[in-house]
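The primary structure of each chain is shown beneath.
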Amino acid sequence: LSTELGYEFEFANNTLGAEENRKHTVSLEVDYSIRNRSWVTLTSSFAKIDYKGDLGTPVEYEFLRGFKPGTNATWEVKFRRKISNYFEMNIGYNGRYIASGNVIHTGSMEVRAVF
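This is a predicted model, so every value here is computed, not measured.

What counts and how
Residues numbered from 1 in each chain as written. Predicted model: local features only at pLDDT ≥ 70, side-chain atom pairs only at ≥ 80, totals over all residues. Heavy atoms only, no water. Phe/Tyr/Trp six-rings, centres within 6.5 Å; stacked < 30°, edge-to-face > 60°. Helix = DSSP H or I, 4+ residues; strand = E, 2+ residues; numbered from the N terminus. Buried < 20%, exposed > 50% of the residue type's maximum accessible area, 1.4 Å probe, protein only. Lys NZ or Arg CZ within 6 Å of the ring centre and 35° of its normal.

Draft legend 1. Spotlight on the packing of aromatic side chains. The full count for this structure, using the stated rule, is 1 aromatic pair. Between Tyr 51 and Phe 63 the ring centres are 6.3 Å apart and the planes differ by 80 degrees, which places this aromatic pair in the edge-to-face class. Placement of Tyr 51 in strand S3 (residues 38–52) and of Phe 63 in helix H1 (residues 58–64) is noted, with a sequence separation of 12 residues between them. When its relative accessible area of 8% is taken as the criterion, Tyr 51 is described as buried. It is Arg 80 that lies over the ring of Trp 39; its NZ or CZ is 4.1 Å from the centre. If you follow Arg 96 out to its NZ or CZ, it ends over the ring of Phe 67, 4.0 Å from the centre.

Now the structure itself:
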C-alpha cells in the first residue's frame, strides 16, 4: 500500500491581455497490490480556480485546461490484473466534475499481450 498527498499552486498571467488565473489543487493517490498479480489505483484531485478574464475564449480554455472558474474535481479508479505470463487486463473509470455543474464519466477496458 502506498499513498501520496499533494498540493499545487499555479499562477498564470497573459502579458498581452487582461487574463489572470490562480489555481489551488489538492490531490490524493492510493496504490494497493494484491499478491503481486492485481493492482488497484485510486486518484482524486480538487481544484479551486480564480480566473479573471473573458469566458468562452481560447485563452480561457488554455489557461483552465477545460475546467471552469470555481471548484472542479477529477477522480480515477484503475484495476490491473496479470492474467498469465503473457496477458494483462486493465479496467479504468474516470470522472470529472466541472464548476458549471456538469459531470463527465469515462470507462475503459483492455487486454494486452506482453512479449
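There's more to say after this.
Draft legend 2. Layout of unusual backbone geometry. At Arg 35, a position not held by glycine, the phi torsion is positive, near 55 degrees. By secondary structure assignment, the location of Arg 35 is in the loop between strand S2 (20–34) and S3. Although it is not a glycine, Arg 65 sits at a positive phi angle of roughly 55 degrees. Looking at where Arg 65 falls in the secondary structure, it is placed in the loop between H1 and strand S4 (70–82).

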